[in-house]
Amino acid sequence: MSHSLEIRGLVKAYTPGNPVLKSIDLDVDGTGLTAIIGPSGTGKSTLIRCINRLVDPTSGTINLCSDGRCVDLAGLKGRALRENRRLIGMVFQEFNLVERLTVMENLLCGRLGYVGAWAAWRRKFPQADVEHAFDLLETVGLGDFANQRADALSGGQRQRVGIARALMQRPKVLLADEPTSSLDPKTSFEIMLLLKEQGRLNNIPVIVNMHDVELARRYADRVIGMSGGQIVYDGAPDGLSDEFLKQIYGGEAWL
Amino acid sequence: MLSTTSAQRVSTAFRVDLWTRVLVLLLFVYVIYAASQIGFSWERFVSGLDNGARFLKRMFPPDLSKMDILWKGISESLQIAVLASVAGILISLPLGLMGARNLMPAWLSWTARTLIAICRSLHPVIMAILFVKAVGFGALAGTLALVVASIGFIGKLFADAIEEISEKQVEAIRATGAPFPNLVLFGVLPQVLSRFIGFSTYQLDSNLRNSTMVGIVGAGGIGGPLFSAFQRFDYSFVFTILVTIIMIIVVGELLANYVKKVFYV
């Protein structure tokens, strides 16, 4: 089964007449890791957040197709929106774990779209979910941390929990909004590797926002370059010339 | 500002606010003025001390012969305090959530906050007088008065605590597609639970003290016997009652510390 995302004419203006995203067209399918790079304030985060509707787009369509069924995420409200959000995993820059809950409880948060409030309150999650959670903890290398509180973990460990929580949703698309920007270089590489592997393993596309061009070159199968709210590059990572980076980031001293 | 010398910059780093000084000075002047208006004087204070000494002398020995009256009043006070605290907390939980402006639409949060503010606006004793007139003498009036007072106090604290939570954790739960009740249970509650426990134990402490007072206006509890003992100049019984109340408050404090220790970790 393949899953795909098809964005057409996506516009987001936080203040009318001053769009942050200027008509984005983008197709993402298959299983690869797509890196979105570009300078700060160019709308990368807004683009990612429009997909799972943490930000409401001003106009345009975002079609999420999975198992032969397509839904326009941009037009959803209420229950339909919540049900489709369950299909989209999200990893955050600052991990956004619930600090006072344990690692296991944080993972099970990924199933909150599927369990009722009474069961969630009593922590009565289906046994299959609990087993999936233990498996994922092993996968991300935190097998012994199930009962640790999230605020006792280091940055890299927290992001692993963040990824595991997103994977708990059994998502059709995995989004990551600057997942390595709060981490040291070594941990950043490990996190990128984990995202790439998990995308391939679960047969889903992974879309990652990032600042770090080197990291994108090393791990991305495809790079989207954004500048001024538009897509200015779309292609293989080795096609990113210095000339081009100069154009989207400006200046050249940093190259 | 390249032309400013370093001396000038240092002198402006901690600028003295003239208005703060003026306000502090005005407050000081008013305190002296108010004291003179009320007629505080050293002679008045000394003659007052004299009176106090005689009052204290009459408290001894404490009267231990009316234990049945004491026990009846104290147990009623305890019941009022516990019932009012439990009911007040249970009502404040949803009301506080409704009053949180970061999670609720404006019309609902303002309605809830107005309701909470009305509950807080009257002192528990005035509230007790109102309820005595409304439902008659006895513990029911006292309990209702303290329920209202509890809502007014912890309802606001709950709402404010929810407004101070980290949006990031809520956002992450929202992104999983969780419905609102689950969002509250996993995104909001863990962030505020320990503070809620603190507020609740504080309210129980507050209700224990207030439950000894509503009896003065006939709303049940030890306040009734205490007031009539005062009026009979039965100061040795007054002393027994006061010591009992102090002991209850101290025990309540120890209990509250224990509860907090259990939940704060």
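Thresholds, definitions, all that
Residues numbered from 1 in each chain as written. Chains lettered and ligands numbered in written order. Predicted model: local features only at pLDDT ≥ 70, side-chain atom pairs only at ≥ 80, totals over all residues. Helix = DSSP H or I, 4+ residues; strand = E, 2+ residues; numbered from the N terminus. Rg over C-alpha atoms; globule rule 2.2 N^0.38 Å. Buried ≥ 20, exposed ≤ 12 C-beta atoms within 10 Å, placed from the backbone. Contact = placed C-beta atoms within 7 Å. Pairing = 2+ DSSP bridges. Nonpolar A, V, L, I, M, F, W, Y, C, P; charged D, E, K, R; others polar. Expected span 1.5 Å × (residues − 1). Arc of directions from axis to C-beta.

Asks: Outline the overall build of chain A, listing residues and values.
Replies: Tallying secondary structure elements over chain A gives nine helices and ten strands in all. Whereas a compact globule of 255 residues would reach a radius of gyration of roughly 18 Å, chain A reaches 18 Å, a difference of no more than 12%. For the C-alpha atoms alone, the extent of chain A along its principal axes is close to 55 × 40 × 35 Å. Across the 255 residues in chain A, those meeting the buried criterion constitute 45%. The long-range fraction of contacts in chain A, counting pairs at least 24 apart against all pairs at least 6 apart in sequence, stands at 68%.

Asks: Requested: an account of the pairing of strand S1 (residues 3–12) of chain A, with residues and values cited.
Replies: Residue and element names in this part refer to chain A. Pairing analysis gives seven bridges linking S1 to strand S4 (residues 59–66), with the strands arranged antiparallel. Paired with serine 4 across the strands is cysteine 65, a residue of S4. Sheet topology places S1 next to strand S2 (residues 21–29); six bridges connect them, and they run antiparallel. Following the sheet pairing, lysine 12 is matched in S2 by leucine 21.

Asks: Provide a residue-level description of the interface of chain A and chain B, including the pertinent values.
Replies: Contact with chain A, which involves 22 residues of that partner, is made by 18 residues of chain B. Looking at the side of chain A that touches chain B, the elements that each hand over two or more residues are helix H2 (78–85) and helix H4 (117–121) of chain A. Per-class residue counts for the side of chain A that touches chain B are ten nonpolar, five polar and seven charged.

Asks: Now, about the environment of asparagine 257 of chain B: what can you tell me, with residues and values included?
Replies: Mapped onto the fold, asparagine 257 of chain B is located in helix H11 (residues 235–264). Taking the C-alpha atoms as reference, asparagine 257 of chain B lies 27 Å from leucine 144 of chain B; in sequence the two are 113 residues apart.

Asks: Can you tell me about helix H7 (residues 185–202) of chain A, naming the residues and giving the values?
Replies: All names here are of chain A. Helix length check: H7, at 18 residues, gives a terminal C-alpha distance of 26 Å against a target of 26 Å (1.5 Å per residue), a fit within 8%. Residues of H7 that are buried: Ser188, Ile191, Met192, Leu194, Leu195, Gln198 and Gly199. Buried positions in H7, seen along its axis, are confined to an arc of 155° and lie on one side of it. In H7, those exposed residues whose orientation departs by more than 90 degrees from the buried face are Pro185, Lys186 and Leu201. The inward-facing, buried residues of H7 abut strand S3 (33–37), helix H6 (155–168), strand S7 (173–177), strand S8 (206–210) and helix H8 (213–219). Taken from the residues just after H7, asparagine 203 is the one with a positive phi, measuring 60°.

Everything listed here is a matter of coordinates, which is why it stays silent on function.
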